Amino acid sequence: MRDLKDFKLGNFEVILDDPSGDSFIENPIAPAKDPKMSVNFYKRTVEQNEMLGLNNDENIEDQIVEKTEKGEVDLRNEVVQFHNNCPNCNAICETNMKLTDIPYFKSVIIMCTVCDNCGIKSSEVKSGSGIEEKGVRYVLKLTDRSDLDRDVLKSDEASFEIPEIEFFMGPGTLGGKFTTIEGILKDAREQLSEKCPFAFTGGDSESKDKAGRMKECLDKLEMIQNGHLLNVTVIIDDASGNSYLQNIYAPDEDPNMKIEHYERSYEQNETLGLNDINTENYQDQAQ
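Residues numbered from 1 in each chain as written. Predicted model: local features only at pLDDT ≥ 70, side-chain atom pairs only at ≥ 80, totals over all residues. Heavy atoms only, no water.

Asker: How would you explain the side chain of Ser-240 if you had to name every residue and give the values?
Answerer: Within the fold, Ser-240 resides in the loop between strand 10 (232-238) and strand 11 (244-245). In terms of polar contacts, Ser-240 uses its side chain to reach the side chain of Asp-238, at 2.7 Å. Once you skip the residues sitting within four places of it in the chain, Ser-240 turns out to touch Ile-131, Glu-132, Lys-134, Ser-155, Glu-157, Arg-264 and Leu-272. (Helix = DSSP H or I, 4+ residues; strand = E, 2+ residues; numbered from the N terminus. Polar contact = N/O pair within 3.5 Å; in protein donor to acceptor, adjacent residues only side chain to side chain. Contact = heavy atoms within 4.5 Å.)

Asker: Let's hear about the nonpolar core: which residues, and what values?
Answerer: If you look at the biggest cluster of nonpolar residues, it comprises 34 residues, and the most contacted ones within it are Phe-160, Ile-162, Phe-167 and Leu-221. Of all the secondary structure elements, the ones that give two or more residues to this core are strand 5 (135-142), strand 6 (151-154), strand 7 (158-162), strand 8 (167-169), helix 4 (181-195), helix 5 (208-225), strand 10 and strand 11. Setting aside chain neighbours within four positions, we find Ile-162 in contact with Phe-167, Leu-185, Leu-221, Ile-224, Val-232, Thr-233 and Val-234. (Core = buried A, V, L, I, M, F, W, Y, C linked by side-chain atoms within 4.5 Å. Buried < 20%, exposed > 50% of the residue type's maximum accessible area, 1.4 Å probe, protein only.)

Asker: Residues and numbers for the sheet that holds strand 4 (residues 121-127), please.
Answerer: One open sheet holds the 4 strands; their spatial order is 1-2-3-4, and the pairing between them is antiparallel. Two strands lie at the open edges of the sheet, namely strand 1 (80-85) and strand 4, each paired on one side alone. Between one strand axis and the next, the sheet turns by 25° as a mean value, whatever way the strands run. Inspection of the sheet shows strand 2 (residues 92-101) paired to strand 3 (residues 107-114) by 8 bridges, in the antiparallel sense. Within strand 3, the residue paired with Met-97 across the bridge is Met-111. (Pairing = 2+ DSSP bridges. Axes fitted to C-alpha atoms, helices over the stretch in contact; angles between N-to-C directions.)

Asker: So, the pairing of strand 7: which residues are in play, and what are the values?
Answerer: Summarising burial for strand 7: 4 of the 5 residues are buried, a large majority. As paired strands, strand 7 and strand 10 are joined by 4 bridges and run antiparallel to one another. Directly across from Glu-161, in strand 10, lies its bridge partner Ile-235. Across 3 bridges, strand 7 lies against strand 8 in antiparallel orientation. Each residue of the ladder has a partner; that of Ile-162, found in strand 8, is Phe-167. Taken together, strand 7 and the strand that follows it, strand 8, pair antiparallel across an intervening segment of 4 residues, in which Glu-166 is found at a positive phi of about 55°.

And the structure:
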C-alpha cells in the first residue's frame, strides 16, 4: 500500500463499486468533467436488492406490463398503484404509475412515489419501449427566455452539458426526469449545493479555489435558469436514444437545435448491457 501511495509501482486504477449508490469519489476539477474518471450507473441484480432489503422493482413492473397485455390493466387511461420501499428511509410507501404519450416522440412511463413516513417525494420517468437502435444527441442554443420552458425528457443514461460554463452532468445523475430546461437547471443546482459532499468543503483537502469555482458555476447556472445569461449551448447526449428535447417549431425544423442520431461505441453498448444480448438463432443455441 505504501508503494502504491508513493507511485513506486507506476500508475494504477481504483475501482469503487457500491450497489446502494451512496458512495462518492471527488472530482478535483468539478464542475468540469474529470478525464481520468469514469462513472457507470447500473441496475442492481435481484440478489443485490435482497441484500439491501429492497423490493425488486423490475418484477413489479413486469407483472404490471403482463397485466396490461392481458387487458387487466389499462396504463394509458388509469393510474396504477403499488407498494414499494422508500428510497430515503426504506419504509413501505405507495408508488403511482401511468403511461403517457409525448407528441412527436414516444410513450413513456411516469412513476411518482410519496412516503408518509419521512415525507419525501420522488418521481422517475422510464421509456415505454426498449433501447433505440441508435444514440441521440441534442444541441440547443438558448437565445430567448422562452427556451427555458422547453419540455425535456432525460433518461437515466443521458448526460447534460453546458460547455460555455464548463458544466457537465454525467449519465445517471438526477435519474430519469420529465421536466423543462429550467427544471433541469434547478435540480442540478440543488444537487450540487445540497447533496454534493465535496462541493464547498473540499473533503480532506479543502481548497478555496475549488469552492470558488463551484460557487461561480452555481451562480452562472442560476443566471441561466432565470434567463439573465443566454446565448449558451445545452447538450443532451443519450446513448440509449430515449431522451427528448422539445422542438417548439414542430413539425418544422428548429433553427436553434441540432439532433444527431449516432452509432453507439462498444463501451456504450457494454454499459447498456447490449453486448451480451443474443438476438439471432438463440433458440437453436439453447437446444
